[in-house]
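Single-letter residue listing:
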Amino acid sequence: MNTKPCMSLLLFSRTGLRLCASKAPGCGLRPLTAVTSTCLPLISPHQLVPCSHSYYSSVKVRSYLQYMKRKIIPSPTPPYSHVCQVGDPVLRSHAAAVDPAAIAGPEIQQVIKTMVKVMRKLECVGLSAPQIGVPLRILALEYPKKMLEESSPESRKARGLSTQPLRIFINPKLTVLDRQTVLFQEACESLTGFSATVPRYLSVEVSGLNENGEDVTWQASGWPARILQHEMDHLDGVLYIDRMDSKTFININWQVFNE
């Protein structure tokens, strides 16, 4: 952060309304967002006095290119082809149950199709509908053989890893079978770049409807049980950071910042 006094002035340009700190080296064009800076506020028409303060503007700055892009291509709508990030209200909402009669319909089938597509694109092992912007009680999980082969035998045994076919659960209900908890590091596509140790039950059972509207029940232990509990939490607006040991919370790329 540049802490030298600078003179701030608003400029109109082809890239939009910008806050230009033009008198200090290293002060480039910045959007009007919440920042803390050292600047020279105008005290009188003829005097500039240095001071340090914070300011906030709710004005959202978009470049001319972004403006024209949105005029031509509308903003995406759920189900998204990306994963919503922490801060999005949908991740803190209690997902609604799906009408069983609607499961075969194109809307629910599109949600499921998008979930699977996004999950496989990101190579993650579980995903919930709220994570793609749809507040419905649907979750998916899959642990492909290729991913299992990338883990060491020691890791497979310690974590209880096993290959799992694609499973879809609609309106799932979770029952704990073994109340013993185990601690392992977890991550989440909705908190990109972070990880923490989270306690989870060793064995659970889930029941609900599959993508065809059929009743299904599955008992899982080890890592599949952890995936289920993680995704079930999403349906209730709970993130792993609500259950984590806060002292283990890390940026998984922290070493890069020291290089």
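Residues numbered from 1 in each chain as written. Predicted model: local features only at pLDDT ≥ 70, side-chain atom pairs only at ≥ 80, totals over all residues. Heavy atoms only, no water.

**Considering the overall build of the protein**
Part 1: A count of helices and strands for the protein gives five helices and 13 strands.
Part 2: Classification of the 259 residues of the protein by burial places 37% in the buried group.
Part 3: Intrachain contacts of the protein at a sequence separation of at least 6 include 60% that bridge at least 24 residues.
Part 4: Carbon together with sulfur atoms contributes 57% to the accessible area of the protein, which is approximately 15,600 Å² in total. (Helix = DSSP H or I, 4+ residues; strand = E, 2+ residues; numbered from the N terminus. Buried < 20%, exposed > 50% of the residue type's maximum accessible area, 1.4 Å probe, protein only. Contact = heavy atoms within 4.5 Å. Areas by Shrake-Rupley, 256 points an atom, 1.4 Å probe, with all protein chains shown as cover.)

**Side note on a nonpolar patch on the surface**
Part 1: Together, I250, I252 and W254 line one region of the surface with nonpolar side chains, adding up to about 290 Å² of accessible area.
Part 2: Along the chain, W254 turns up in the segment after strand 13 (250–251). (Patch = residues over 30% accessible without salt bridge, like charges linked within 9 Å, V, L, I, M, F, W, Y side chains within 5 Å. Salt bridge = Lys/Arg side-chain N within 4 Å of Asp/Glu carboxyl O.)

**Quick notes on the nonpolar core**
Part 1: Counting residues in hydrophobic clusters, the biggest one holds 21 residues, and the most contacted among them are M115, I138 and I170.
Part 2: If you list the elements that add at least two residues to this core, you get helix 2 (106–122), strand 9 (138–143) and strand 10 (164–187).
Part 3: Residue contributions to this core peak at seven residues, all from helix 2.
Part 4: Excluding anything up to four places from it in sequence, I138 contacts V98, I108, V111, I112, M115, L127, S128, A129, I168, F169, I170 and L235. (Core = buried A, V, L, I, M, F, W, Y, C linked by side-chain atoms within 4.5 Å.)

**Focus: the packing of aromatic side chains**
Part 1: Within the structure shown, the criterion is met by three aromatic pairs.
Part 2: Ring centres of F169 and W218 lie 6.3 Å apart, and the angle between their planes is 15 degrees; this geometry places the pair in the stacked category. Of this pair, F169 sits in strand 10 while W218 is found in strand 12 (residues 215–221), placing the two residues 49 residues apart along the sequence.
Part 3: By relative accessible area, F169 is classed as buried at 3%. (Phe/Tyr/Trp six-rings, centres within 6.5 Å; stacked < 30°, edge-to-face > 60°.)

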